[in-house]
Amino acid sequence: MFDALIIGGGAAGMSCALVLGSAKPKTFAADKTIGIIAHQKTSHLQTALFNNVLGLSPGTTGTSILESGKQQLSKLYPHVNQIEREKVLEVSKNNSYFEVRTNKNTYCSKIVIIAVGYTNLMRIKGLDHYIEPHPRAQLEKDRIWLKNIDHLIEDNLYVAGTLAGWRSQFSIASGSGAQVATDILTLWNDGKHTKVHDKID
């Protein structure tokens with residue numbers, strides 16, 4: 001049983017995982033089990049080139065970020081379970097938790113974060129009734145979003161990144177994932193607004 005399971009290993013999903021993972025020293029997060037299903041084959045980062053992102057060297061590719069993000073998560077926060085080479089097929093509610101079925105396994109989690117791309121190719125069963133035309137994309141591109149309020153679709157079911165209704169911009173998607181992570185940390189911290197920063201000693 002996961003306490004939080006992220007679906008999607010792109011900018012939003014990896015940012016969410018990094019922030020959640022960094023909270024382990026906090027008492028309220030110490031015993032939390034976190035996972036990410038890092039399916040990245042359809043991520044828009046696969047073809048991205050970054051020259052206009054603060055903190056990234058011009059010429060950085062999306063492919064390199066996908067790889068370095070997984071390495072960063074493994075090195076700094078190895079307690080976050082990275083599940084690779086699995087594609088999510090269905091998300092369903094089962095009383096007080098969710099079941100996430102992939103092409104290989106079924107996982108249970110108290111909280112689920114959907115952080116996959118916003119194309120109409122998103123075919124995760126159980127999410128169909130939340131799908132609407134994307135509010136910040138050109139109509140002819142046929143993009144979608146999962147209807148939400150402040151990233152929350154329903155209790156304990158979150159969406160992050162472009163699928164949350166944000167524009168397809170790396171820094172926006174990353175920030176969206178981090179926002180969801182801090183919302184979950186706030187929930188774990190009995191509603192006390194929470195963020196996690198590292199500081200130079």
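Now for a quick tour of the structure. Source: prediction; values computed, not measured.

The rules behind these values
- Along each chain, numbering runs from 1 in the same order as the chain's sequence is written.
- Per-residue local features of the predicted model are confined to residues with pLDDT of at least 70, and side-chain atom pairs are confined, for both listing and counting, to 80 or more; whole-chain, interface and lining totals are unaffected and use all residues.
- Calculation of side-chain values draws on the structure's entire complement of heavy atoms; hydrogens and water are dropped beforehand.
- Relative accessibility decides the category of a residue: with a 1.4 Å probe and only protein chains considered, values under 20% of the type maximum give buried, values over 50% give exposed, and everything between is partly exposed.
- Strands here mean DSSP runs of E at least two residues long; helices mean DSSP runs of H or I at least four residues long; both are numbered from the N terminus.
- Strand pairing is defined by DSSP finding a minimum of two bridges between the two strands.
- If the strands point away from the viewer and the path from the first strand over the helix to the second runs clockwise, then the crossover is right-handed.
- Space inside and on the surface of the protein is sampled on a 1 Å grid over the protein atoms alone, with a cavity defined as a set of points where a 1.4 Å probe fits but cannot get out and a pocket as an open set with protein on both sides within 12 Å along at least 5 of 7 lines; lining residues have an atom within 4 Å of a point.
- Grid points are joined across faces, edges and corners, and a volume is the space filled by probe spheres set on the points.
- To form a nonpolar core, buried Ala, Val, Leu, Ile, Met, Phe, Trp, Tyr and Cys residues must be joined to one another through side-chain atoms within 4.5 Å.
- Whether two residues are in contact is decided by their heavy atoms, any of which lying within 4.5 Å being enough.
- Between 30 and 60 degrees the pair is tilted, below 30 it is stacked and above 60 it is edge-to-face, where a pair is any two Phe, Tyr or Trp rings, Trp via its six-membered ring, whose centres lie within 6.5 Å.
- We count a salt bridge whenever a side-chain nitrogen from Lys or Arg sits within 4 Å of a carboxyl oxygen from Asp or Glu.

1. Notes on the pairing of strand β2 (residues 34-37)
Logical step 1: Taking every second residue as pointing to the same face, both faces of β2 are buried, with Ile34 and Ile36 on one and Gly35 and Ile37 on the other.
Logical step 2: Bridging between strand β1 (residues 2-7) and β2 involves four bridges; their strand directions are parallel. Note on β2: the bridge partner recorded for Ile6 is Ile36.
Logical step 3: Considered for its hand, the β-α-β crossover made up of β1, helix α1 (residues 11-22) and β2 is right-handed.
Logical step 4: Where β2 meets strand β5 (residues 81-83), three bridges bridge the pair, whose relative direction is parallel. Bridging from a neighbouring strand, Gly35 pairs with Asn81 of β5.

2. As for the layout of surface pockets
Logical step 1: Here the second largest pocket defines a volume of roughly 430 Å³.
Logical step 2: As for the second largest pocket, its lining consists of 22 residues, and the residues nearest its centre are Met14, Ser15, Leu18, Val19 and Gln72.

3. Quick notes on the pairing of strand β8 (residues 106-114)
Logical step 1: Of the strand pairs in this sheet, β1 and β8 are connected by five bridges, and their pairing is parallel. Its bridge partner being in β8, Ala4 is matched across the sheet by Ile111.
Logical step 2: Summarising the sheet, strand β7 (residues 97-102) and β8 pair through four bridges and their orientation is antiparallel. Residue pairing across strands places Glu99 opposite Cys108, the latter belonging to β8.
Logical step 3: Linking two consecutive strands that pair antiparallel, namely β7 and β8, is a turn of three residues.
Logical step 4: Direction of pairing for β8 relative to strand β12 (residues 157-159): parallel, over a ladder of three bridges. Within the sheet, the bridge partner assigned to Val112 lies in β12 and is Leu157.

4. Considering the nonpolar core
Logical step 1: The biggest cluster of nonpolar side chains holds 29 residues, and the ones touching the most others in it are Leu20, Ile113 and Trp188.
Logical step 2: Breaking this core down by element, the ones donating at least two residues are β1, α1, β2, β8 and α3 (170-188).
Logical step 3: Residue contributions to this core peak at seven residues, all from α1.
Logical step 4: Contact partners of Leu20, with chain neighbours within four places excluded, come to Ala4, Ile6, Ile34, Ala181, Ile184, Leu185 and Trp188.
Logical step 5: Ranked by size, the runner-up nonpolar core spans 24 residues in total, among them Val91, Tyr118, Tyr130 and Ile153.

5. Structural notes on the packing of aromatic side chains
Logical step 1: All chains considered together, the criterion is met by two aromatic pairs.
Logical step 2: Aromatic pair Phe50 and Phe170: ring centres 4.7 Å apart, planes at 50°, arrangement tilted. Here Phe170 lies in helix α3 and Phe50 lies in strand β3 (residues 49-50), a separation of 120 residues in the sequence. Assigned by exposure class, Phe50 and Phe170 land together as buried.

6. Here we look at the pattern of salt bridges
Logical step 1: This model, assessed by the stated rule, comprises six salt bridges.
Logical step 2: The salt bridge involving Glu67 is made with Lys70; its shortest N-O contact spans 3.9 Å. Remark: Lys70 and Glu67 occur in helix α2 (residues 62-76); sequence separation between them is three residues, near one turn of the helix.
Logical step 3: Glu132 is the salt-bridge partner of Lys147, the closest N and O atoms lying 3.9 Å from each other. Of this pair, Lys147 sits in the loop between β10 (144-146) and β11 (152-154) while Glu132 sits in strand β9 (residues 131-133), placing them 15 residues apart in sequence.
Logical step 4: Each of Glu67, Lys70 and Glu84 takes part in salt bridges that share partners, so that together they form one network.

7. Observations regarding the environment of Ser174
Logical step 1: Turning to its location among the elements, Ser174 is positioned in helix α3.
Logical step 2: Assessed through its relative accessible area of 14%, Ser174 is described here as buried.
Logical step 3: With 14 residues separating them along the chain, Ser174 and Ala160 place their C-alpha atoms 8.7 Å apart.
Logical step 4: Beyond its immediate stretch of four places on either side in the chain, Ser174 contacts Ala11 and Ser15.

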